[in-house]
Amino acid sequence: MNVDAINALRRPKGHPFKVRKIGHVAVYVSDLERSARFYTEVLGFEISDVIPPGHLPGGAVFLRCNTDHHGIALFQATDENPAGAGLHHIALEVGTLDEVVRVREHLRGQQVKIDLDGRRGAGIQLV
C-alpha cells in the first residue's frame, strides 16, 4: 500500500454531485437475531423494521440510531452472498433530485454497472 498516494487523493474539480452523508449501510450476516441483539443491546440501536423470510429471502432487520429510518440494515446471508463477504449495499445522500440524476449519469459515464434504476428501483445498486 502506498500511503502517500492514498493521502494525495482528492475530490476531482467539477465533480457533478456532492455526497452529503452516508444514508445507511446494509450487510449480510449469518444470524439475524444474534446480529440484531448486538446492535440493540450492545450498541444501543433501535429496531425500525423487520422483514420476515417469507417476504424477502432470509429476511432483514433495519436499525436506527437517530431519526433516519435506519442506519444499518442486516440481510440474512445466503450461499450466493455469504456473511462477511461484502456489503449488500450502501446508501449515499445527495441534496436534490437533480443530483440523483447527475449521480446516475456520472456512474454510467464511469461504466459502473447499475442493477436497479428508476422509480421502481428507488435507487442505484452497485455491484
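Shown above is the structure to which this text applies.
Residues numbered from 1 in each chain as written. Predicted model: local features only at pLDDT ≥ 70, side-chain atom pairs only at ≥ 80, totals over all residues. Heavy atoms only, no water.

On inspection of all chains with the given rule, the structure shows five salt bridges. With a closest N to O distance of 3.2 Å, Arg37 and Glu33 form a salt bridge. With a gap of four residues between them, Arg37 and Glu33 both fall in helix H2 (residues 32-42), about one helical turn apart. Taking the relative accessible area as the measure of exposure, Arg37 reaches 40% and is therefore partly exposed. On the accessibility criterion, Glu33 (55% relative accessible area) is exposed. In this structure, the salt-bridge partner of Glu41 is Arg37, at a minimum N-O distance of 3.7 Å. Of this pair, Glu41 and Arg37 both sit in helix H2, separated by four residues, roughly a single helical turn. (Salt bridge = Lys/Arg side-chain N within 4 Å of Asp/Glu carboxyl O. Helix = DSSP H or I, 4+ residues; strand = E, 2+ residues; numbered from the N terminus. Buried < 20%, exposed > 50% of the residue type's maximum accessible area, 1.4 Å probe, protein only.)

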